[in-house]
Amino acid sequence: MGAVVGVLFDGLAYGMLLFLLSVGLSVTLGMMNFVNLAHTAFAMLGGYVAVTLMNRYSWPFLATLPVAFLAAAAVSVVFERGLYRRLYRASELDQCLLTIGIAFMAVAAAAYVFGTVQQHVELPPYLSGTVPLLGKEFGVYRLFVIAISLAITLALVASLEYTRFGAQVRAAVDNQRMARGLGIDVDRVFAGTFALGSGLAGLGGALAISTFGLDHAFALSYLVYVLIVVAVGGLGSIGGSLLAAILLGISDQAGKYYVPEVGAFLIYLVMVTLLMWRPAGLFGRR
C-alpha cells in the first residue's frame, strides 16, 4: 500500500508539471485554432531564465518564477505579432512548418548560448526534503508543485469563464468580424492569449528543472508529452488537460515502477486507449 501511495503521489506531481507545460497550448490550439509546435520552446526559455538568474546572479528560486513567466510571455508576444499573426488563416501544415522550425532554431540557440550539458539548480532548504502526512513521507517540492498547479487551474478557469477578458477571447474566436464590430480589439486579445499560454509554459519550464532536467533539447524532448496531454484532454479544455495530465503522469510512474522494462511505453498505450474511446479527447468538442 505504501508503494501504491508513493506512485500515486509521484504521478500526481509529474502530471501537474505536464499540465503546466501543456495547458497554454490547449488554450491557444483549442480556442484560437493555431498549431504552435514551438510551445515547449517557451517552456525551455523559462527554464533557462530561472537557471541563469539563480546560478549567475544568485536570485532566490521563488523570485525567478514570475520572471520566467514574464520572459516567456514577452517573447511570445514578439513572435505572435511578427510571425504567428500572418498564419492565423493559413493551413495547419503551414502553421506546423513555421512553428516546428522555430522550435529547431530554439534548440540550436540554446546549445550555442548554454551548451549541451544538463543545467543544475539548488532548491532552497524549505522546498527540499520530505514532510510526514498521514503516516507517509512526501516530498516538499512535489507538494509545492501540486499546490501551485491547482491554484493556476482555478485562476485560469475563473479568468476565461467569468471575466471580461475571457468573454472577449470566446467572442473573438467564434466570430472575429462580429467581435471587431462590437469594439473588441481582436489583435490585442489574441496577443494576450498567446502571452498567457506561453507564460504558463515558461513557469512550467522553471518548475520542471529539478524533476525533468533542462538541456538544449528540452523543446523537442517534451513536445510529444505536451501534445499527448492536449490530445487526450481535448482542445480548449482546461479541466480536460488537467485530468489527462494526471492520468498520464500516474500511468507513466506506475509503469516505470511496476513494469520498468516497458514503463516508458505505457504512457503511449494509455493515450491510444483513451483516444480510441474518446477520439476528441476526454472533454473535447471536436
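Bear in mind the structure is a predicted one, so any value in this text is a computation, not a measurement. (Residues numbered from 1 in each chain as written. Predicted model: local features only at pLDDT ≥ 70, side-chain atom pairs only at ≥ 80, totals over all residues. Heavy atoms only, no water.)

Draft legend 1. Main features of the overall build of the protein. If you tally the helices and strands in the protein, you get 13 helices and two strands. Here the protein has a C-alpha radius of gyration of 19 Å; the compact-globule value for 286 residues is 19 Å, and the two agree. Projected onto the principal axes, the alpha-carbon positions of the protein cover approximately 60 × 50 × 35 Å. With 286 residues in all, the protein has 49% of them scored as buried. Here the contacts in the protein between residues at least 6 apart in sequence split such that 77% fall between residues at least 24 apart. When the accessible area of the protein is evaluated, it comes to approximately 13,500 Å², of which 67% is carbon and sulfur surface. One way to put it: in the protein the 16 positive side-chain charges average out to a point 10 Å from where the 13 negative ones average out. (Helix = DSSP H or I, 4+ residues; strand = E, 2+ residues; numbered from the N terminus. Rg over C-alpha atoms; globule rule 2.2 N^0.38 Å. Buried < 20%, exposed > 50% of the residue type's maximum accessible area, 1.4 Å probe, protein only. Contact = heavy atoms within 4.5 Å. Areas by Shrake-Rupley, 256 points an atom, 1.4 Å probe, with all protein chains shown as cover. Lys, Arg positive; Asp, Glu negative; His and termini not counted. Charge placed at Lys NZ, Arg CZ, Asp CG, Glu CD.)

Draft legend 2. Representation of the nonpolar core in the model. Grouped together as the largest cluster of nonpolar side chains are 86 residues, with contacts concentrated most on Met 44, Phe 61, Leu 207, Phe 212 and Phe 218. When sequence neighbours within four positions are dropped, the list of residues in contact with Leu 207 reads Leu 17, Leu 20, Phe 61, Leu 65, Tyr 141, Phe 144 and Ile 148. (Core = buried A, V, L, I, M, F, W, Y, C linked by side-chain atoms within 4.5 Å.)

Draft legend 3. A look at the packing of helix 2 (residues 39–57) against helix 3 (residues 61–82). One way to put it is that helix 2 packs onto helix 3 with a least axis distance of 8 Å and a crossing angle of 140 degrees. It follows from the interaxial angle that helix 2 and helix 3 lie oblique. When the axes of helix 2 and helix 3 are compared, the crossing they make is right-handed. Facing helix 2, whose interface residues are Phe 42, Leu 45, Gly 46, Val 49, Ala 50, Leu 53 and Met 54, helix 3 presents Phe 61, Thr 64, Val 67, Ala 68, Ala 71, Ala 72, Val 75, Ser 76 and Phe 79. (Axes fitted to C-alpha atoms, helices over the stretch in contact; angles between N-to-C directions. Parallel < 35°, antiparallel > 145°, perpendicular 65-115°, else oblique. Left-handed = near helix turned anticlockwise from the far one by under 90°.)

Draft legend 4. Local environment of the environment of Leu 214. Note that Leu 214 resides in the loop between helix 9 (209–212) and helix 10 (218–221). Exposure remark for Leu 214: the relative accessible area of 1% places this residue in the buried category. A sequence separation of 96 residues divides Leu 214 from Gln 118, and the C-alpha atoms of the two residues are 5.6 Å apart. Excluding anything up to four places from it in sequence, Leu 214 contacts Met 44, Gly 47, Tyr 48, Val 51, Val 117, Gln 118, Gln 119 and Ile 209.

Draft legend 5. Region of interest: the packing of helix 2 against helix 8 (residues 186–207). Closest axis-to-axis distance for the helix 2/helix 8 pair is 6 Å, and the angle between their directions is 50 degrees. It follows from the interaxial angle that helix 2 and helix 8 lie oblique. Here helix 2 and helix 8 pass one another in a crossing that is right-handed. Here helix 2 contributes His 39, Phe 42, Ala 43, Gly 46, Gly 47 and Ala 50 to the contact with helix 8, which in turn contributes Gly 197, Ser 198, Ala 201, Gly 202, Gly 205 and Ala 206. Classifying every residue of the contact of helix 2 with helix 8 gives five nonpolar, seven polar and no charged. (Nonpolar A, V, L, I, M, F, W, Y, C, P; charged D, E, K, R; others polar.)

Draft legend 6. Fine view of the side chain of Thr 99. Inspection of the secondary structure puts Thr 99 in helix 4 (residues 92–114). Taking relative accessible area as the criterion, Thr 99 reaches 0% and is therefore assigned buried. Separated by 2.8 Å, the side chain of Thr 99 and the backbone oxygen of Gln 95 make a polar contact. Setting aside its immediate chain neighbours within four residues, Thr 99 contacts Phe 34, Val 35, Asn 36, Leu 37, Ala 38 and Tyr 84. (Polar contact = N/O pair within 3.5 Å; in protein donor to acceptor, adjacent residues only side chain to side chain.)

Draft legend 7. Broad picture of the confidence of the model for the protein. Per-residue pLDDT for the protein averages 87, and the proportion of residues at 70 or more is 96%. Per-element confidence in the protein is highest for helix 2, whose mean pLDDT is 95, and lowest for helix 6 (residues 164–174), whose mean pLDDT is 78. (pLDDT = per-residue confidence, 0-100.)

Draft legend 8. Broad picture of the packing of aromatic side chains. Enumeration over the complete set of coordinates arrives at 16 aromatic pairs. Ring centres of Phe 79 and Tyr 84 lie 6.5 Å apart, and the angle between their planes is 40 degrees; this geometry places the pair in the tilted category. A residue is classified by how much of its surface remains accessible, and Phe 79, at 27% relative accessible area, is partly exposed. Here Tyr 257 and Tyr 258 contribute two aromatic rings whose centre-to-centre distance is 4.8 Å and whose plane-to-plane angle is 80 degrees, an arrangement assigned as edge-to-face. For Tyr 258, a relative accessible area of 46% corresponds to the partly exposed category. Among the aromatic side chains, those forming a connected cluster through ring pairs are Phe 34, Phe 42, Phe 79, Tyr 84, Tyr 88, Phe 190 and Phe 194. Against the face of Trp 277 rests Arg 278, its NZ or CZ located 6.0 Å from the ring centre. (Phe/Tyr/Trp six-rings, centres within 6.5 Å; stacked < 30°, edge-to-face > 60°. Lys NZ or Arg CZ within 6 Å of the ring centre and 35° of its normal.)

Draft legend 9. Expanded view of unusual backbone geometry. One non-glycine residue with positive phi stands out, namely Ser 58, at about 60 degrees. Note on placement: Ser 58 falls in the loop between helix 2 and helix 3.

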